[in-house]
Amino acid sequence: MLFNLLFMSLVCQGLSVESYGKDFITAFPESISYYHPRGSSNTLKITAFYNDTAVSITINYTNVYNEKLQPGQTKTVHFPKYVEQYRFTRSLYFVRVNSTKLIVVLWISQHGDSVQSHFVQPVKNLGKLYSIPFNNYNQMMASSSSMADLLATDSWRYSSFRLIIINAENIMNAISIQTVGTNAQKAFNFTLRPYELFQFQTHGSEIKVYSSNTVAVLLTHPCVETTGCDCNTVVNHVLPQNLWGQTFVVPSLKNLNSTWLQVTSAMKVMHRGQNIKILASDSSDLIYFPYLESGSQFITASNNVSIRLISPGLILELMPETMFAACYLLQINSTEGEAFIIAETASRGDVHIDGDLLSSTDWKTITSSNYSSVSVPISGTHVIWHPTSRIGVYMFERMESGIPYGGPAVILNENPDRDGCMADPAQYKTTTDVMTWPESHDYCINITFQMSTPSRARAQKEMTNFLQKDGVPGYFWIGLRRSLLTLEWYWKNGNDSEYSVNYTNWAIGHPENPRNALCASVSQDANKDFSWKSVPCCTKMRPVCNKKAKYFSDLTFYTLYDHFYIIN
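Parameters at a glance
Residues numbered from 1 in each chain as written. Predicted model: local features only at pLDDT ≥ 70, side-chain atom pairs only at ≥ 80, totals over all residues. Heavy atoms only, no water. 1 Å grid on protein atoms, 1.4 Å probe; cavity = no way out; pocket = protein on both sides within 12 Å on 5 of 7 lines; lining within 4 Å. Points joined across faces, edges and corners; volume = space filled by probe spheres on them. Helix = DSSP H or I, 4+ residues; strand = E, 2+ residues; numbered from the N terminus. Nonpolar A, V, L, I, M, F, W, Y, C, P; charged D, E, K, R; others polar. Disulfide = S-S within 2.5 Å. Buried < 20%, exposed > 50% of the residue type's maximum accessible area, 1.4 Å probe, protein only. Arc of directions from axis to C-beta. Pairing = 2+ DSSP bridges. Salt bridge = Lys/Arg side-chain N within 4 Å of Asp/Glu carboxyl O. Polar contact = N/O pair within 3.5 Å; in protein donor to acceptor, adjacent residues only side chain to side chain. Contact = heavy atoms within 4.5 Å.

Undergrad: Requested: an account of empty space enclosed by the protein, with residues and values cited.
TA: Considering all chains together, one arrives at three cavities of 30 Å³ or more under this definition. By volume, the largest cavity is sized at about 250 Å³. Along the walls of the largest cavity sit 16 residues, with Phe119, Gln121, His237, Leu239 and Pro408 positioned nearest its centre. Mapped by element, the contributors of at least two residues to the lining of the largest cavity are β10 (114–119), β17 (231–237), β32 (404–408) and β33 (410–413). When the residues that make up the lining of the largest cavity are grouped by side-chain class, the tally is nine nonpolar, six polar and one charged. Roughly 90 Å³ of internal volume is contained in the second largest cavity. Lining the second largest cavity we find Ile25, Val120, Gln121, Asn125, Leu126, Ala216, Val217, Leu218, His237, Val238, Leu239 and Pro240. At three residues, the largest contribution of residues to the lining of the second largest cavity is made by strand β16 (residues 206–225).

Undergrad: Quick one: what's the story with the state of the cysteines, residue by residue and with numbers?
TA: Here a disulfide denotes a covalent bond joining the sulfur atom of one cysteine to the sulfur atom of another. Inspection of the entire model under this criterion finds three disulfides. Covalent S-S linkage joins cysteine 327 and cysteine 421, the inter-sulfur distance amounting to 2.1 Å. Across the S-S bond of cysteine 327 and cysteine 421 the torsion is about 65°, and the bridge reads as right-handed. Of the two residues, cysteine 327 sits in strand β26 (residues 327–344) while cysteine 421 sits in the loop between β33 and β34 (422–424), which places them 94 residues apart along the sequence. With relative accessibility at 1%, the residue cysteine 327 sits in the buried group. Under the relative-accessibility criterion, cysteine 421 is labelled buried at 0%. Between cysteine 538, a cysteine without a disulfide, and cysteine 537, which holds the nearest cysteine sulfur, the sulfur-to-sulfur distance is 7.5 Å. Given a relative accessible area of 61%, cysteine 538 falls into the exposed group.

Undergrad: Lay out helix α3 (residues 437–446) in plain terms, naming residues and giving numbers.
TA: Considered for burial, the residues of α3 that qualify are Trp437, Ser440, His441 and Cys444. Down the axis, α3 shows its buried residues gathered within 100° of arc, on one side only. Directly after α3, the chain includes threonine 448, whose backbone phi takes a positive value near 65°.

Undergrad: How would you explain the sheet that holds strand β35 (residues 427–429) if you had to name every residue and give the values?
TA: The antiparallel open sheet is built from three strands, whose spatial order is β35-β43-β36. Of all the strands in the sheet, the pair left with one neighbour each is β35 and β36 (450–451). Relative to strand β43 (residues 545–547), β35 runs antiparallel, the two sharing three bridges. Counterpart to glutamine 427 in the pairing with β43 is lysine 547.

Undergrad: Describe the pattern of salt bridges, listing the residues and the values that go with them.
TA: Throughout the structure, instances matching the rule amount to 13 salt bridges. In this structure, arginine 308 engages glutamate 317 in a salt bridge whose closest nitrogen and oxygen atoms are separated by 3.2 Å. For the pair formed by arginine 308 and glutamate 317, the shared burial category is buried. Arginine 390 is the partner of glutamate 414 in a salt bridge, and the nearest nitrogen-oxygen pair spans 4.0 Å. With glutamate 414 in the loop between β33 and β34 and arginine 390 in the loop between β30 (371–385) and β31 (392–398), this residue pair connects regions lying 24 residues apart in the sequence. The network of salt bridges with shared partners includes Asp417, Asp419, Arg456 and Arg458.

Undergrad: Summarise the sheet that holds strand β21 (residues 274–275); cite the residues concerned and give the values.
TA: Remark on secondary structure: sheet strands pair via backbone hydrogen bonds, oriented parallel or antiparallel. In space, the four strands of this open sheet follow the order β18-β23-β20-β21, with antiparallel pairing throughout. Because the sheet does not close on itself, it has two edges, and the strands there are β18 (245–250) and β21. Here two bridges tie strand β20 (residues 269–271) to β21, and the two strands are oriented antiparallel to one another. Across the sheet, histidine 271 pairs through a bridge with glutamine 274, a residue of β21.

Undergrad: Got a sec to walk through the pairing of strand β5 (residues 62–69)? Specific residues and values, please.
TA: On any regular strand, side chains alternate: one points to one face of the sheet, the next to the other face. Across seven bridges, strand β4 (residues 53–59) lies against β5 in antiparallel orientation. For threonine 58, the partnering residue across the bridge sits in β5 and is asparagine 63. Connecting the antiparallel pair β4 and β5 is a turn made up of two residues, with asparagine 60 showing a positive phi of about 55°.

Undergrad: A description of the side chain of asparagine 98 should follow, citing residues and the corresponding values.
TA: Mapped onto the fold, asparagine 98 is located in strand β9 (residues 95–111). On the basis of relative accessibility, which here comes to 18%, the residue asparagine 98 falls in the buried class. Within polar-contact distance, the side chain of asparagine 98 engages the side chain of arginine 96 at 3.4 Å. With residues near it in sequence (within four places) discarded, asparagine 98 still touches Lys22, Asp23, Ala54, Val55 and Ser56.

Laid out in structure tokens, this is it:
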């Protein structure tokens, strides 16, 4: 009954996929094993974009960290061993991060050479319905020729993957878990207190998670065999069902032993015109996928699905094509990181890193698609963006063994912008007071704006859209005037002058003789095409003030060296 009620209550919430926010919740799973002699390191890296961003961290309902960050600053916060989740039960060792302004949170867990890193999705991107496909650990290991002889009989503790369900809201949350195994379908229900979490083993079953309120879901294994006697912790922050898709690009990663695709319920999974789905029914599947040596691959499903690329030591949640975006943030913690970029073949030459075009001749087209992909070495924090189309971007680093770790980069903006990766759109203001052009200039400066400078067609459209909403007819001052020395027109950008005037929208008969008019105004009337007129500067009219758009790609990023260690 609970399952039916929860299922009927689920609605599409139209969540944005932009991966920054003000409210985050996560946890640190068991790393390798709780009794391992080498110490583990559990870390969050928190990056701010705006002035005086207040950040706080809460564990077990106790505030353990507070600090103000400035634009571009990254703070590293270390967590003690006791926060790791190794018991199959409830726990209050959740980690909540809250801020007054937008931030991103990078999650890192390291135990010796075993490293995992992911960007934490903000609570606004979480959901109420999740599905985790069939994931038989022993089957995967035994199917790998290099692992078959090494795989010993596992203890019950490490024979399957685990799920951590975290209540993301300050409210009681009813959870229904459906497991579909080889023999039967089972269900169990429980309730989580605000921010409480619960961990259980999947036992190789297909899992469906239904909740009355928002939850975060982590798929994890503390010790997946890789080569020899080594093993790695693997962690996947699972995407909710409303962010699934039908088309995917599987990135061609190096140094992978064997690879599988873990696919939620679908009738068909097509690759190069062939259905590679093993099971005939509409069920989840674990598909052996040995095609990445030849390059990235394009696959399509018959319905919206979630797909993970799985290899010993790696779980990678693939970005559906519907989640491609215009710009991304990457944070690489080692000197040997890589950015993996997917772009439309026709416009791949327009990809930018920070303020520069990406310089690479290694692009490779992806069969059966309009895309190409490239891997470029990168270190530090960077913004990758495209001015006219959406792209896909992953970030990877490598352990000492060569096994990659990482995942999708942070989505900063879904929509392309020719000027960069927009953080804040342009703002416009005016006043009911009328004033001369010099008075208008001072007025705009005093309210921390500047006079509007529509130096391009798009800026003209943004300004006139604002004027139409304002609804007051007439002409308004803009930041264009003539030089008293040369009579040349120039833009007044705050207290700076720009003499390159390439775009104009003069009305017929304008600009007039310099003796009559040294300053420019714009019409609010669409019937007059929002045209400009030259006017004597002492004329009194209302100003249009503008605050220019801000861009992530213009920020300077840097990590603070004073790391914070949570002890108690």
